Amino acid sequence: MGTTAVVERPAPGGMAKARRRRVVGLGILLAVLVVAAALSLAVGARALSPAEVWHGLFGAPTSDQRLTEIRLIVETVRVPRTVLAIVAGIALGIGGALIQGYTRNPIADTGLLGVNTGASFAVVSVIAVFGFSNPFQYVWFAFLGAAVAGVVVFGLATIGRGAGNPLTLALAGQGITVFLMAMTTAVALSNQASLNALRFWNAGSVAGVGFDVIRPVTVFVAVGVVLALTTLPSLNLLNLGDDVARGLGVNIALSRTVGITAITLLAGAATAACGPIAFLGLMVAHVARYLTGPDYRWLVPYAGLLGAVVLLVCDMVGRLVVRPGELDAGVVVALLGAPFFAVLVWRGKFRSA
Amino acid sequence: MNVTDVKPSLPPGVRLGRVSFVWRPWLVSVSLLLAAAAFLVFCVSIGVGDFPIGLPQVIRTLLGRGEQVDEFVIMDLRMPRALAGLVVGIALGVSGAITQSIARNPLASPDVLGITSGASAVAVFLVTVSGGAAAAVVDTVGLSVAALAGGLTTGLLVYFLAWRRGIDGFRLILIGISVSAVMEALTTWLLVTADIRDVAQAQAWLVGSLDDRSWGEVEVALWGTLVLLVVVAAVAFQFKPMHFGDEVAAGLGVRYTAVRAVLLLCAVLLAGVAVSAAGPVPFVALVAPQVAMRLARCPTPPMVASGLVGALLLIGSDLLARAVLPVSLPVGVVTAAIGGPFLVYLLVRANLR
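The paragraphs below set out a description of the structure included in this document. Please read these numbers as outputs of a predicted model, since none were measured by experiment. (Residues numbered from 1 in each chain as written. Chains lettered and ligands numbered in written order. Predicted model: local features only at pLDDT ≥ 70, side-chain atom pairs only at ≥ 80, totals over all residues. Heavy atoms only, no water.)

Some remarks on the overall build of chain B
Phase 1: Per the secondary structure count, chain B includes 14 helices and two strands.
Phase 2: With the model as given, the accessible surface of chain B reaches about 15,900 Å², and the carbon-plus-sulfur share is 68%. (Helix = DSSP H or I, 4+ residues; strand = E, 2+ residues; numbered from the N terminus. Areas by Shrake-Rupley, 256 points an atom, 1.4 Å probe, with all protein chains shown as cover.)

Regarding the environment of B:Phe72
Phase 1: Inspection of the secondary structure puts B:Phe72 in helix α3 (residues 68-103).
Phase 2: Here the alpha-carbon distance between B:Phe72 and B:Thr61, two residues 11 residues apart in the chain, equals 9.7 Å.

Some points on the environment of B:Pro56
Phase 1: With respect to the helices and strands, B:Pro56 occurs in helix α2 (residues 55-62).
Phase 2: As a C-alpha pair, B:Pro56 and B:Val44 span 12 residues in sequence and 9.8 Å in three-dimensional space.

Comments concerning the interface of chain B and chain A
A common way to express how large an interface is: the accessible area buried when the components associate.
Phase 1: If you look at the interface, chain B gives 48 residues, while chain A gives 53 residues.
Phase 2: Of the roughly 4,200 Å² buried at the junction of chain B and chain A (both faces included), carbon and sulfur atoms supply 80%.
Phase 3: The largest contributions to the chain B side of the interface with chain A come from B:Leu107, B:Phe170 and B:Asn351, which together make up 15% of the buried area.
Phase 4: At the boundary of chain B with chain A, the tally comes to zero salt bridges.
Phase 5: Summed over the shared surface of chain B and chain A, the result is three residue pairs in polar contact (both at pLDDT 80 or more).
Phase 6: The class makeup of the residues in the side of chain B that touches chain A is 36 nonpolar, seven polar and five charged. (Contact = heavy atoms within 4.5 Å. Buried area = accessible area lost by both parts, 1.4 Å probe. Salt bridge = Lys/Arg side-chain N within 4 Å of Asp/Glu carboxyl O. Polar contact = N/O pair within 3.5 Å; in protein donor to acceptor, adjacent residues only side chain to side chain. Nonpolar A, V, L, I, M, F, W, Y, C, P; charged D, E, K, R; others polar.)

So, the side chain of A:Thr292
Phase 1: By the element assignment, A:Thr292 lies in helix α11 (residues 280-292).
Phase 2: Excluding residues that lie within four positions of it along the chain, A:Thr292 makes contacts with A:Arg22, A:Trp298, A:Leu299 and A:Tyr302.

Focus: the nonpolar core
All names here are of chain A.
Phase 1: Grouped together as the largest cluster of nonpolar side chains are 218 residues, with contacts concentrated most on Leu98 and Leu311.
Phase 2: Setting aside its immediate chain neighbours within four residues, Leu311 contacts Ala85, Ala88, Gly89, Val206, Ile277, Leu280, Ala329 and Val333.
Phase 3: Within the second largest apolar cluster, eight residues are counted, among which are Leu48, Val53, Leu67 and Val74. (Core = buried A, V, L, I, M, F, W, Y, C linked by side-chain atoms within 4.5 Å. Buried < 20%, exposed > 50% of the residue type's maximum accessible area, 1.4 Å probe, protein only.)

A few points about the pattern of salt bridges
Phase 1: For the structure on display, the rule yields 10 salt bridges over all chains.
Phase 2: Between B:Arg322 and B:Asp318 there is a salt bridge, and its shortest N-O distance comes to 3.6 Å. You can see B:Arg322 and its partner B:Asp318 sitting in helix α13 (residues 303-323), four residues apart, about one turn around the helix.
Phase 3: With a relative accessible area of 30%, B:Arg322 lands in the partly exposed category.
Phase 4: According to the relative accessible area criterion, B:Asp318 is buried, its value standing at 3%.
Phase 5: One connected set of salt bridges, linked through shared partners, spans A:Arg81, A:Asp315, A:Arg319 and A:Glu326.

Some remarks on the packing of α3(B) against helix α12 (residues 284-295) of chain B
Residues and elements named next belong to chain B.
Phase 1: Running from amino to carboxyl end, α3 crosses α12 at an angle of 75°, the nearest separation of the two axes being 7 Å. As judged from the angle between their axes, α3 and α12 are roughly perpendicular. For the pair α3 and α12, the contacting residues are Gly89, Leu92, Gly93, Gly96, Ala97 and Gln100 in the first and Val284, Ala285, Leu286, Ala288, Pro289 and Gln290 in the second.
Phase 2: Residues belonging to the contact of α3 with α12 are distributed by class as follows: seven nonpolar, five polar and no charged. (Axes fitted to C-alpha atoms, helices over the stretch in contact; angles between N-to-C directions. Parallel < 35°, antiparallel > 145°, perpendicular 65-115°, else oblique.)

Quick notes on the packing of aromatic side chains
Phase 1: Applying the stated rule across the entire model yields six aromatic pairs over all chains.
Phase 2: Ring geometry for A:Phe143 against A:Phe220: centres 4.2 Å apart, planes inclined by 35°, an arrangement best described as tilted. Placement of A:Phe143 in helix α5 (residues 135-157) and of A:Phe220 in helix α8 (residues 211-238) is noted, with a sequence separation of 77 residues between them.
Phase 3: Judged by centre distance (5.9 Å) and plane angle (25°), the ring pair of B:Phe342 and B:Tyr345 falls under stacked. Residue B:Phe342 and its partner B:Tyr345 are located together in helix α14 (residues 331-352), separated by three residues, close to a single helical turn.
Phase 4: Geometry around B:Trp26 places B:Arg297 over its ring, the cationic atom sitting 4.1 Å from the centre. (Phe/Tyr/Trp six-rings, centres within 6.5 Å; stacked < 30°, edge-to-face > 60°. Lys NZ or Arg CZ within 6 Å of the ring centre and 35° of its normal.)

A short note on the packing of helix α1 (residues 25-47) of chain B against α3(B)
Each packed pair of helices is defined by two parameters, the angle between the axes and the distance between the axes.
Residues and elements named next belong to chain B.
Phase 1: Direction vectors running N to C along α1 and α3 enclose 140°, while the axes themselves pass 9 Å from each other. As far as their axial angle goes, α3 and α1 are oblique. As α1 runs across α3, the sense of the crossing is right-handed. The segment α1 lies against α3, with Phe42, Ile46 and Gly47 engaging Ile74, Arg78, Met79, Ala82, Leu83 and Leu86.
Phase 2: Tallied by class, residues from the contact of α1 with α3 come to seven nonpolar, one polar and one charged. (Left-handed = near helix turned anticlockwise from the far one by under 90°.)

As structure tokens, then:
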């Protein structure tokens, strides 16, 4: 079950052309990301003009009541959620592409390692036990739960002969996910406060988290991204099959461990800060593969940028459609992304092997 | 020795008229053992309750030679619940075996095809949007029937959306994932905006339960499952090569598409019937075929054994929830709590051998 798409054989000189096309594509994606980020600062319950956003970001403090208010909105609401959407989007996009590569399973999602349910379980448990109510209090436990679940799943999948068998990882992940989900439900059904927190947490949102949370999350994501980038060449070889990769001098166990660590860091940090945002990583990885082909050195950066763009846009849409209320980004990702994804699937853009 | 003398060692085949199959003694003995175990747990489950009945008496009563009190307790009070467990377990197990075989992916369960998420979305909608039309729907047709309709509609929607000059397993899964994502997003949204008292009721429904089954509900599920199983058996026996992939199947003729369509439709209907009887009991359809496969040492999920493992898992979990656990939990929580770790245990054990 490879995840490689059909590779067209380039004409002489086509290699350079394909490379140029990918670099240009990357540039376009970056530009789109910048535009989306700028829009995200301007759009919301109160629409701001570019000049107002500029003042909010860089303007000197004034005694003008209106400008001070704008500064407050930009600084404490718009900037944090824009930054978090970018960070979490990159993390989930790269995490999704990596896990599909390491499990060689084209329908794998970062949720597969149990990180989402690990985080959910930790959240409902600490709320039930300690009565926490503030995201800042339970975000650490969410990250801890995600990390522990990821480590346990990966540990179980590497015991004995099946070490590195992609199917083992997928099934171990499902087994643990299933178990943690049941435990989460059991706690939530017996504790009203947990149930209440769980339903908001489960929706997945980039709003309402401050820089006290975003800063450490960004550090974890950065480490995850660096680890991910170092492992890409060997991931390419791994997708030729374990034997070929070993023959070409890849340390398979090391590469897998680094890769899974990166996935756990990325998905765990994003989930801790935003709640589980389902489907984003899976969808973005497929779109990236369609755009770049099977080379993970290109696919992964594309997936990261796409993830950030999609999450930013979905968060913005969520702010606009049900004003004055808001729709959580995770809900919008599914409502907008899924039909788009389905159309691409139907038109035969994606292949499993 | 001449090369032509060497014959590949094939397992012995059995041919009865148009029906032929490979004789696998291990598979047959495992299936028989599973059937015996399922019957035993079924009887124990009937015996357990506020008015305990011994195992011999249960069996005597089932054979129609019991005392009148036992007969009343068993046939009128306990039988519907136990039968519901049996039927739902078998239906989910077989449904999972079919979808996993056709998609050639162990993560493909009826949940992926959107049945569970569609049924859940409809049920949550009816529970949380109180008054008016929603209340009228619940009053006239009942929550489980409305949910069944929602589940089947979603399943068929996935099927028709994935249809493009035939059904491709991978396309089906991807479309299923995206439609499920939409349904889950709608459910999450409904839960976020709903009153917390309704949420608890909806959440309990989302887990799946065997509480308070009536003969009427069970009879529908029983006959539905029986008819569907007959169809599955007739079709599956005539056409074995569904595991071998699209190219092989295409080489074997066009009827392949029709056969696969019928089998998939049966899988959708079986899962729908199960949902109507017990709510969306999670994970049985995913776990049972994988467990059966490993117990029977088959390369693909065996249908009969998968159904029996499903029944064992469901009745056993229900028994555990009623007789052992200190708090009353819906059966879905228990199936997940048992099924998940058991799957992991089987994986680890297989890897250590």
